[in-house]
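Single-letter residue listing:
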Amino acid sequence: MASTGKVRGIIANLVIVETNETVAQNEICMILHREERLMAEVIKINGSNIFVQVFESTRGLKVGSTVEFTGKMLEVALGPGILSRNYDGLQNNLDSMEGVFLKRGNYTAPLDESKEWEFIPLAEDGQEVMAGDWLGEVKENQIVHKIMVPFSFEGTYKVESIVSKGSYKINDCIATLNNGSVSSLTVTMVQKWPVKIPLRSYRNKPRPFKILETGVRVIDTLNPIAEGGTGFIPGPFGCGKTVLQHAISKQAEADIVVVAACGERANEVVEIFKEFPELEDPRTGYKLLERTTIIANTSNMPVAAREASVYTAMTLAEYYRNMGLKVLLLADSTSRWAQALREMSNRMEELPGQDAFPVDLPVIISNFYSRAGFVELNNGESGSITFIGTVSPAGGNLKEPVTEGTKKIARCFYALSQQRSDSKRYPAVDPIDSYSKYTEYEEVIAYFKENVSDSWLDMVSFTKDILIKGREAQEQINILGDDGVPVHHHVLFWKSEVIDFVILQQDAFDPIDQMTPMERQKYMLEKVLNIVKMNFNFENFEEVGSYFRKMINSLKQINYSEFKSDPFHKYESELESIINEKKVA
Amino acid sequence: MEKIAFQKIYTKISKITKATCSLIAENAGYEELALIHKRLAQVVKIIDKEVTLQVFAGTEGIPTNAEVIFLGRPPSLRIGPDLEGRFLNAYGDPIDGGPELTGIETEIGGPSVNPVRREQPSQLIATGISGIDLNNTLVTGQKIPFFADPDQPYNQIMAMLALRTQADKIILGGMGLSHDDYLFFKNTFENAGALERIIAFINTTEDPPVERLMVPDMALTAAEYYATKFNQKVMVLLTDMTLYADVLSIVSNRMEQIPSKDSMPGSLYSDLAKIYEKAVQFPDGGSITIIAVTTLSGGDITHAIPDNTGYITEGQLFLRRDTDVGKVVIDPFRSLSRLKQLVIGKQTREDHSQVMNTAIRLFADAANAKTKQENGFDLTEYDDRTLRFAFDYTEKLLAIDENLAINDMLDTGWELFAAHFSKSEVGIRENLLEKYWPNGKENEKVNINTESDS
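None of the values given here were measured: they were computed from a predicted structure.

## Quick notes on the confidence of the model for chain B
Line of reasoning, step 1. Per-chain confidence: chain B averages 91 in pLDDT, with 95% of residues scoring 70 or above.
Line of reasoning, step 2. As a predicted assembly, this complex carries a pTM of 0.93 together with an ipTM value of 0.91.

Below is the structure:
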């Protein structure tokens, strides 16, 4: 029987419950307040005092109110019908809530229980299965959605019976399994899983070895992220974190995209709500919304649910990964989640760490990022979660606990620079400060040799060298004046500007430029590096800027044209003649 | 003030601090209001039977046997048509000598809008100020603060802006306003004959500071009433949010909370977001737009208050005094309206985005030239022209004392381009150049120069 207790203290959304019955850490309970039921999570137990964080406003709550414990941790429902949904941080379906305003204690079902799905069995009677194995499949939008042996089943089971092909609802029994005990277990298409426990129903987790294309040149070319890899984007406000993340969510080469809008602006989520049903996935031609699930816990929604939202999103991503799919998980912004942890730690009067964040913050961040990865499933198939989080450093200072904690675990670092953003050089990713550890992986190096070219990574590091030299040349010019340095300093600076304008900068709102496939990225980088390696003849420094400006303009027109189309070739020959004006043979 | 019948009166206070009183009481609800020694207070903590009250007006002179009466409701505002034209205090009580409000008692700080029920903001707000309409176009349902130093005329600009925008209602939330500024707002609205469109909630420096914590919620509750009941376009002005946040830190300090950056409470982001996120475009046409003021200390935007604000709001408008033309301008580099692309070129002329970007780019060239000049380097002829352009651009477009229609701003932009540059130097798309470049106005001197360049 579930335990019950009584409220004995209230401090904002921290409530102290008194009970002498059994309670577990992180157990969910319901506080009964008049006709409302407020959901809360146990975060500390001290004798008969149970500290719970309430996922709702506690306004009007009184001591003595009854609290019912559920015996379960915070769980999500996993089954067909998750895609295209807009959930809050606790997986309530936002679209089925009534009224314009959110009502406290209004919890809605995450999945449609009346919808019928065409089920095709994959397992056979008598087959041996274990948790996470595929029993059958249904078509969810354009995705083949596997129905799996519940992840909570331990050991091996025999399929006693499985239904034949046909239409079923999520709660219908589709199979019975037996592990040799007296009674067999029925399996439906829906199962529950606690969000804070990683799903580990896979055989092993090798190192990531291939690249996840995002279509964003400054990522794919200079600092690529691996499929199953982790990355983060820190940057002060106004530097385009969200625009960059939206671009990645639209273009990345993923089967499923889970977006956790964690404590950010509601209007930005509205943009996704309105755009994704219209926009097409550039690779499949289907609407973006069909592959996307949005977890929206905007900044004005209850703080405690903000923490839950990133875990909910991660668990949904793990579920789809186990179907052998390529999942991309985006969280904007993990700093808001850390702040939610800080608020609660503060109310519990824990000793604070740096900037009043909880001392264990880096560990919490590491554990979360570690749930991403490339996995081999029990049946030999593979799936992956690539995770990119944004960080909103206070005051734009990267020496703060959330950025530092994330830097310890995330393998790609995309530093957004205020200076680049001020000069409208978007995406404002700093090419020199940013890094990708994956280009050091032997597996990834081999992948590039095989799939792009032998010399690709050398070209990339050469590009970075030019950018660094260009920056140094610019500093010299600024200190000594235009005519205080030799002309070749100007040339060096402008060659780095060519890379900057043509490769690094990318127009997120231009239908063609916004997304560059790897083949085109390679083509353009080769073209630009050819120019960089050329020698030019200039009389004086004044010629240099106007000449390269002309060249950049023509290269940008190439970027704006469809790959290898007529206009593309027209601008290429225009570029040729510009090059020939000053080129030294 | 409040009906007090059949309510238990407590008379034994166990603890008194600068801001709070605690007593043994039964059946108190969290965030419920109480009267203590005839002062309004709110429940901020309950542990068993001990209830802690935050006394808005401070605890000076409260005796241990003061009368405490619980009111059984959270802070609320009487909402109804008689709000129009009224000046109220932080509790929603009249300060204009008029009659008591008679509307329906409504809780302030109510629930958030379900994000899937929001509409994307899409209606342009014309202010007549080029620094806004041309460079940082505002949209209904947006939330945006002025970042200004305390000596800048932000209150005047806000009042002017509110009156020009044709909003159905203007709701002013004044926090820590000087009495003079309160009278300034009152007179400005009266003189404009706009009083029936105005509702003001005022906390001046003469009032207890903690009271001002209720002002934004009061203003936004009234705004939600007009935006949802009557589908009106409501403009909410909040000045000054820095003084609001300062009180948050005072309260959290008195509640013995651990401070985070700049001695602000760790919940500052959530506290501010709860206010700003009330800005919304409703599906039925009503909207709430929030224009706020965040005063800076010495222009420092890394301080926790402007920093958290910037992460929440949809852009910011920077005020700066330009020493060359001697006017206050809206800084084109540091200002940003994140929602401008929703209306630019859609509700404005097709050349809007190009004129805006080109002007700012040329202005940036001028800034570089200026740096060169200051460092004692020689200026090129192009540098000289950018400097002259920058002067005209600042005077005619950036200064906040101009009042132009957006098309006039664009035309002015084209005239300035033609006066100082050649067509090839502005780098605008060909078809727009043909259509909008003022006839025969291409700077002759410029032409000669570009020819000699190539």
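That shown, we press on.
## Here we look at the sheet that holds strand β10 (residues 128-130) of chain A
Adjacent strands of a sheet form backbone hydrogen bonds with each other and so pair up, either parallel or antiparallel.
Residue and element names in this part refer to chain A.
Line of reasoning, step 1. Taken in spatial order, the four strands make up an open sheet running β10-β13-β15-β16, and their pairing is antiparallel. With partners counted over all chains shown, the strands left at the sheet margins are β10 and β16 (185-187), one partner each. Taken pair by pair, the neighbouring strands of this sheet meet at an average axis angle of 45°, ignoring direction.

## Concerning helix α8 (residues 352-374) of chain B
All names here are of chain B.
Line of reasoning, step 1. Taking 1.5 Å of rise per residue, 23 residues should cover 33 Å, and α8 covers 33 Å from first to last C-alpha, within 8% of that figure.
Line of reasoning, step 2. Turning to α8, its buried residues number three or more, namely His-352, Val-355, Met-356, Thr-358, Ala-359, Leu-362, Ala-366 and Ala-369.
Line of reasoning, step 3. After α8 finishes, the residue Gly-376 shows a positive phi value of roughly 85°.

## Observations regarding the domain arrangement of chain B
Line of reasoning, step 1. Along its sequence, chain B is carved into domain 1 (9-70), domain 2 (76-107 + 140-313) and domain 3 (352-453).
Line of reasoning, step 2. Domain 2 of chain B and domain 3 of chain B are separated by 39 Å when their C-alpha centres are compared.

## A short note on the interface of chain A and chain B
Line of reasoning, step 1. Taken together, the contact pairs 52 residues of chain A with 46 residues of chain B.
Line of reasoning, step 2. Broken down by secondary-structure element, the contributors of at least two residues to the side of chain A that touches chain B are β1 (4-11), α3 (266-275) and α5 (334-347) of chain A.
Line of reasoning, step 3. Per element, the largest residue contribution to the side of chain A that touches chain B is seven residues, and it comes from α3(A).
Line of reasoning, step 4. Class assignment for the residues of the side of chain A that touches chain B results in 20 nonpolar, 17 polar and 15 charged.
Line of reasoning, step 5. Pairing of β1(A) with strand β5 (residues 39-47) of chain B involves two bridges; the strand directions are antiparallel. Each bridged residue has a counterpart across the sheet, and for Gly9(A) the counterpart in β5(B) is Ile47(B).

## Quick look at the sheet that holds strand β12 (residues 143-148) of chain A
Residue and element names in this part refer to chain A.
Line of reasoning, step 1. Spatial ordering of the open sheet is given by β12-β11-β9-β14, a layout of four strands whose pairing is antiparallel. With one partner strand each, in any of the chains shown, β12 and β14 (166-169) form the two edges of the open sheet. Across the sheet, the mean angle separating the axes of adjacent strands is 45° when strand polarity is ignored.

## Quick word on the nonpolar core
Line of reasoning, step 1. Counting residues in each nonpolar core, the largest one holds 300 residues, and the members touching the most others are Val258(A), Leu329(A), Ala222(B) and Val236(B).
Line of reasoning, step 2. Looking at this core element by element, the count peaks at 12 residues for helix α4 (residues 303-321) of chain A.

The rules behind the values
- Residues numbered from 1 in each chain as written.
- Chains lettered and ligands numbered in written order.
- Predicted model: local features only at pLDDT ≥ 70, side-chain atom pairs only at ≥ 80, totals over all residues.
- pLDDT = per-residue confidence, 0-100.
- Pairing = 2+ DSSP bridges.
- Helix = DSSP H or I, 4+ residues; strand = E, 2+ residues; numbered from the N terminus.
- Axes fitted to C-alpha atoms, helices over the stretch in contact; angles between N-to-C directions.
- Expected span 1.5 Å × (residues − 1).
- Buried ≥ 20, exposed ≤ 12 C-beta atoms within 10 Å, placed from the backbone.
- Domains from an automatic or database assignment.
- Contact = placed C-beta atoms within 7 Å.
- Nonpolar A, V, L, I, M, F, W, Y, C, P; charged D, E, K, R; others polar.
- Core = buried A, V, L, I, M, F, W, Y, C linked by C-beta atoms within 7 Å.

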